[in-house]
Amino acid sequence: MLAYTVYSEAGGVGKTTTAANLAHAHATNGLKTLVIDLDPQEASISYVFGVDDDRDDGEADNLVRHMVGRAKGPFKDLIREDTGVDNLDVIPAHNMLSGLDTAMRRAKETEEQMNPDAEWVEEEQLYQLLGRNGIHEEYDAIICDPQASEGQGLYNSVMVTQTVLIPVELSGKGSLSIDGLEQLVDGLEDNLDIEVGVLGVVPVAFGDTTGQQQHLETLQEEVKYDVPAVFRKRESLMQEMWDARATAYQVVEEAYKDGEKGVRRVPDREHETLEKYDELAAEIEEAFDA
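No experiment lies behind these values; they were computed from the predicted model shown.

**Side note on the overall build of the protein chain**
So, point 1. Helices and strands together make up the secondary structure of the protein chain, namely 12 helices and six strands.
So, point 2. For a compact globule of 290 residues, the expected C-alpha radius of gyration is about 19 Å, and the protein chain comes in at 19 Å, within 12% of that figure.
So, point 3. Each principal axis of the C-alpha distribution contributes one length, and for the protein chain these read about 60 × 45 × 35 Å.
So, point 4. Considering only contacts within the protein chain whose residues lie at least 6 apart along the sequence, 75% involve residues at least 24 apart.
So, point 5. As presented, the protein chain carries roughly 13,300 Å² of accessible surface, and 39% of it is formed by carbon and sulfur atoms.
So, point 6. Counting 24 positive and 60 negative side-chain charges, the protein chain places the averaged centre of each group 6 Å from the other.

Laid out in structure tokens, this is it:
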């Protein structure tokens, strides 16, 4: 099946918008798609799809409870189908994700005290949870969106998908570190003791300045990973995604402005951006088919 984690070490470089728009593209292409949100930030993919209503409810069942063996109900009850996109479901984030590492350590200690002969591997709990519930048989595509820092959210995501897509920004706080990209993947492989596939490094918010162009050329020439797409800066479109709580496809198709439908003139360059997402999604699908 198609499964990958969208991850960047730097926050605010388009990780979540990339994941949301590619998920929409895969679903439109006929793949039943599940997005797993492991990012405790409120500006998460759950917010984009409008399924974050329980994230601050301390009594609500959530993914963390299931990962540490403290579930309050069936796992499949966590899956939200009311995302506004046909064929696309989401397991929402919850505020308990901010304490996932601590919760996992405590669960490991408890499980190994109760079963001294059994090994409880923290990094494998999401993988095992999905397997027990037949998720791999039910969906054609899984996209994980963890927070932009190392920890059990990232490790569990990569253990499930064993493949990553890395958005980068070539300026500002997301400035490119060539060595850092390869070290990032090497670190994941060392921590998880698996081989991690890289679908590619995807520059976002590319402004075509001299500095950014130089970074892009260095990226293309010196990094061993593919650069399958470059997304130009589309501040208005991306901001409208958050205002409308919608994907870029929905913003363009529904002509959103300031969160309202049908009141915006959509420039050609935004249609070009959607075409770029379509092309990248198709390339990813072809990679998994191969």
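**Things to note about the pairing of strand S1 (residues 2-6)**
So, point 1. In terms of burial, S1 is a largely internal element, five of the five residues being buried.
So, point 2. Of the two faces of S1, both are covered, the one formed by Leu2, Tyr4 and Val6 as well as the one formed by Ala3 and Thr5.
So, point 3. As defined by bridge partners, S1 adjoins strand S4 (residues 141-146) across four bridges and the pair is classed as parallel. Within S4, the residue paired with Leu2 across the bridge is Ala141.
So, point 4. Note: S1 against strand S5 (residues 163-169), two bridges, orientation parallel. Note on S5: the bridge partner recorded for Val6 is Leu165.

**Some details on the packing of aromatic side chains**
So, point 1. As enumerated under the stated definition, the model contains two aromatic pairs in all.
So, point 2. Centre to centre, the rings of Tyr47 and Trp242 are 6.0 Å apart; their planes meet at 25°, and the pair counts as stacked. Of this pair, Tyr47 sits in helix H2 (residues 45-48) while Trp242 is found in helix H10 (residues 235-244), placing the two residues 195 residues apart along the sequence.
So, point 3. Under the relative-accessibility criterion, Tyr47 is labelled partly exposed at 27%.
So, point 4. Sitting over the face of the ring of Tyr139, Lys32 holds its NZ or CZ atom 5.0 Å from the ring centroid.
So, point 5. When the ring centre of Tyr47 is taken as reference, the NZ or CZ atom of Arg245 above it lies at 4.1 Å.

**Observations concerning the pattern of salt bridges**
Side-chain pairing between opposite charges can occur once the charged atoms of the two side chains come close.
So, point 1. By the definition in use, this model includes 10 salt bridges.
So, point 2. Close ionic contact of Asp53 with Arg80 constitutes a salt bridge, the shortest N to O distance being 3.0 Å. Of the two residues, Asp53 is situated in the loop between H2 and helix H3 (63-67) and Arg80 in the loop between H3 and strand S3 (88-91); the sequence distance between them amounts to 27 residues.
So, point 3. With relative accessibility at 18%, the residue Arg80 sits in the buried group.
So, point 4. Ionic pairing is found between Asp82 and Arg80, a salt bridge with its closest N-O pair at 3.0 Å.

Parameters at a glance
Residues numbered from 1 in each chain as written. Predicted model: local features only at pLDDT ≥ 70, side-chain atom pairs only at ≥ 80, totals over all residues. Heavy atoms only, no water. Helix = DSSP H or I, 4+ residues; strand = E, 2+ residues; numbered from the N terminus. Rg over C-alpha atoms; globule rule 2.2 N^0.38 Å. Contact = heavy atoms within 4.5 Å. Areas by Shrake-Rupley, 256 points an atom, 1.4 Å probe, with all protein chains shown as cover. Lys, Arg positive; Asp, Glu negative; His and termini not counted. Charge placed at Lys NZ, Arg CZ, Asp CG, Glu CD. Buried < 20%, exposed > 50% of the residue type's maximum accessible area, 1.4 Å probe, protein only. Pairing = 2+ DSSP bridges. Phe/Tyr/Trp six-rings, centres within 6.5 Å; stacked < 30°, edge-to-face > 60°. Lys NZ or Arg CZ within 6 Å of the ring centre and 35° of its normal. Salt bridge = Lys/Arg side-chain N within 4 Å of Asp/Glu carboxyl O.

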